[in-house]
Amino acid sequence: GAFNYYWQGPEEGSQGLRYQIIKTILQRYLAESLPHNTPNELTEKIDFEFMSTYIAMNNLPSRPLTPKTGFNKEFDIAIGPGIVVDYSLKRYGLSGEKLCALVKDDNECAARREPRTISCQVVVGSGFSCMELPANEEETTEPSKLLSPQPLHPNERIMLYFHGGAYCVGERSLTHLYVYANVSTATGLRVFSPNYRLAPKSCFPRQLHDCFLSYVTLLKLGYMPENIVLAGDSAGGALSASLMLVLREMSIPCPAAAILLSPWVDSTCSGKSWVTNQGRDYLPPLSFEDPFHPTRLFYAAGRRFDEAMLEELKCPLVSPIYGDLAGMPPMLIQ
């Protein structure tokens, strides 16, 4: 990557040496970390449980926050009757039915007094306190309260951030801690991020279900919907859009706004840019015939790809680009 940069110049005028090196490393890692020549017909013979362990072991590198950047604390929320809500999503067909089945599973666990838990991160950037806290509370608020999910005051604004990673990467959100801290510092908001279940061990719609429950949790804790800002990158951006579709359909108050960073809103990968930008992308060329295609790992690992699956992927809860976004909260998409 460095040799090509100095010998041939940057592929794009705005791309520096650092970008080109990272892109080259990721291209090679993604091309070689998983086999991409497995026939569709052998899908059922692949051990995706082992694949989940393999992906977790080869997760993207993470590093703890430094006091100069921010602070974080991880905690669990128990999924019980006060949080679980019955879905009413008939218009979304099979996707709605799958979500209803997850509600049943959570209720059964709670009835056995073995509630499922979702771990979450609360992250505070180093420049947080002077912007969000009222003047009379800046010096009296204990540091431990800053890392509690409870509202600091009745009108506190908070950011609910869903991390990216093709629904497969991002164990415990550790890969995004610096993103959260920098966003917190820039906005003056604390960041709340659920560690939603990851594919291929947990396929659609478990990620969306966990994100929905995290939003309901904030409401139960006392945050006002008009004081919540959704955010997400890549898969997390798609989850933000899908969540707002669910909230609107169920007449649950939507958040004030959403920030979607390179959102992966089309799981069918139908856009021409998948081809025209291939040389600039760190993702290797992939075919839906490939059992390790990110969409297949996320949606239904172990199931053969066919036209029926392609139609299912066009459900707006899977690919929000196919949904009606009229009347949604303001969205900043970059």
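Residues numbered from 1 in each chain as written. Predicted model: local features only at pLDDT ≥ 70, side-chain atom pairs only at ≥ 80, totals over all residues. Heavy atoms only, no water.

**Details of empty space enclosed by the protein**
Link 1 in the chain: Under the definition given, this model contains one cavity of 30 Å³ or more.
Link 2 in the chain: Lining of the largest cavity is provided by Tyr167, Phe204, Leu208, Leu239, Ser242, Phe298 and Leu317.
Link 3 in the chain: Looking at side-chain class alone, the lining of the largest cavity contains six nonpolar, one polar and no charged residues. (1 Å grid on protein atoms, 1.4 Å probe; cavity = no way out; pocket = protein on both sides within 12 Å on 5 of 7 lines; lining within 4 Å. Points joined across faces, edges and corners; volume = space filled by probe spheres on them. Nonpolar A, V, L, I, M, F, W, Y, C, P; charged D, E, K, R; others polar.)

**Comments concerning the packing of aromatic side chains**
Link 1 in the chain: One pass over the full model with this rule turns up nine aromatic pairs.
Link 2 in the chain: Residues tyrosine 87 and phenylalanine 212 carry aromatic rings whose centres are separated by 5.0 Å and whose planes lie at 50° to one another, so their mutual orientation is tilted. Here tyrosine 87 is found in the loop between β1 (70-78) and α4 (93-111), whereas its partner phenylalanine 212 is found in helix α8 (residues 206-221), with 125 residues between them in sequence.
Link 3 in the chain: A relative accessible area of 1% places phenylalanine 212 in the buried class.
Link 4 in the chain: Three or more aromatic residues joined by ring pairs make a cluster, and in this case those are Tyr167, Phe204, Trp264, Phe298 and Tyr299. (Phe/Tyr/Trp six-rings, centres within 6.5 Å; stacked < 30°, edge-to-face > 60°. Helix = DSSP H or I, 4+ residues; strand = E, 2+ residues; numbered from the N terminus. Buried < 20%, exposed > 50% of the residue type's maximum accessible area, 1.4 Å probe, protein only.)

**A look at helix α3 (residues 48-57)**
Link 1 in the chain: Along α3, the residues classified as buried are Phe48, Met51, Ser52 and Ile55. Taken around the axis of α3, the buried residues stretch over an arc of 105°, which confines them to a single face. For α3, the exposed residues set more than 90 degrees away from the buried face come down to Glu49, Phe50 and Met57.
Link 2 in the chain: On its buried face, α3 sits against α11 (294-300).
Link 3 in the chain: Structurally, the start of α3 carries an N-cap: the backbone nitrogen of glutamate 49 is 3.2 Å from a side-chain oxygen of aspartate 47. (Arc of directions from axis to C-beta. Contact = heavy atoms within 4.5 Å. Polar contact = N/O pair within 3.5 Å; in protein donor to acceptor, adjacent residues only side chain to side chain.)

**Describing unusual backbone geometry**
Link 1 in the chain: Residue proline 200 follows alanine 199 across a cis peptide bond; omega there is 0°.
Link 2 in the chain: Mapped onto the secondary structure, proline 200 falls in the loop between β4 (190-194) and α8.
Link 3 in the chain: Proline 205 follows phenylalanine 204 through a cis peptide bond whose omega is 5°.
Link 4 in the chain: If you trace the backbone, proline 205 turns up in the loop between β4 and α8.
Link 5 in the chain: Not every positive phi belongs to a glycine, and alanine 166 is a case in point at roughly 60°.
Link 6 in the chain: Note on placement: alanine 166 falls in the loop between β3 (158-162) and α7 (177-187).
Link 7 in the chain: The exposure class assigned to alanine 166 is partly exposed, which follows from its relative accessible area of 24%.
Link 8 in the chain: With phi around 55°, serine 234 is a residue other than glycine that occupies positive phi space.
Link 9 in the chain: Along the chain, the position of serine 234 falls in the loop between β5 (228-233) and α9 (235-249).

**Brief notes about the nonpolar core**
Link 1 in the chain: In terms of nonpolar packing, the biggest core is built from 75 residues, with Phe212 and Leu317 touching the most fellow members.
Link 2 in the chain: Ranked by the residues each element gives to this core, the list is headed by α9, at nine residues.
Link 3 in the chain: Residues in contact with phenylalanine 212, not counting those within four places in the same chain, are Val85, Tyr87, Leu243, Val246, Leu247, Met250 and Ile252. (Core = buried A, V, L, I, M, F, W, Y, C linked by side-chain atoms within 4.5 Å.)

**Some points on the pairing of β4**
Link 1 in the chain: Counted residue by residue, β4 has five buried out of five residues, so it is predominantly covered.
Link 2 in the chain: Of the two faces of β4, the one lined by Arg190, Phe192 and Pro194 and the one lined by Val191 and Ser193 are each fully buried.
Link 3 in the chain: As paired strands, strand β2 (residues 117-125) and β4 are joined by four bridges and run antiparallel to one another. Counted as the bridge partner of valine 123 is valine 191 from β4.
Link 4 in the chain: Pairing geometry for β3 and β4, over three bridges, is parallel. Its bridge partner being in β4, isoleucine 158 is matched across the sheet by arginine 190. (Pairing = 2+ DSSP bridges.)

**So, the sheet that holds β4**
Link 1 in the chain: What the seven strands build is an open sheet, ordered β1-β2-β4-β3-β5-β6-β7; its pairing is mixed. Edge strands, defined here as strands with exactly one partner in the open sheet, are β1 and β7 (331-333). Neighbour to neighbour, the strand axes of the sheet diverge by 20° on average, direction disregarded.
Link 2 in the chain: Its contacts with the sheet put α8 on β1, β2, β3, β4 and β5, and the angle it makes with β3 is roughly 170°. (Axes fitted to C-alpha atoms, helices over the stretch in contact; angles between N-to-C directions.)

**Remarks on the pattern of salt bridges**
Link 1 in the chain: Counted according to the given criterion, the structure contains nine salt bridges.
Link 2 in the chain: The salt bridge involving arginine 112 is made with glutamate 114; its shortest N-O contact spans 3.6 Å.
Link 3 in the chain: Between aspartate 210 and arginine 197 there is a salt bridge whose closest N-O contact spans 3.0 Å. Of this pair, aspartate 210 sits in helix α8 while arginine 197 sits in the loop between β4 and α8; the two residues are 13 residues apart in sequence, bridging distant segments of the chain.
Link 4 in the chain: Owing to a relative accessible area of 0%, aspartate 210 belongs among the buried residues under this scheme. (Salt bridge = Lys/Arg side-chain N within 4 Å of Asp/Glu carboxyl O.)

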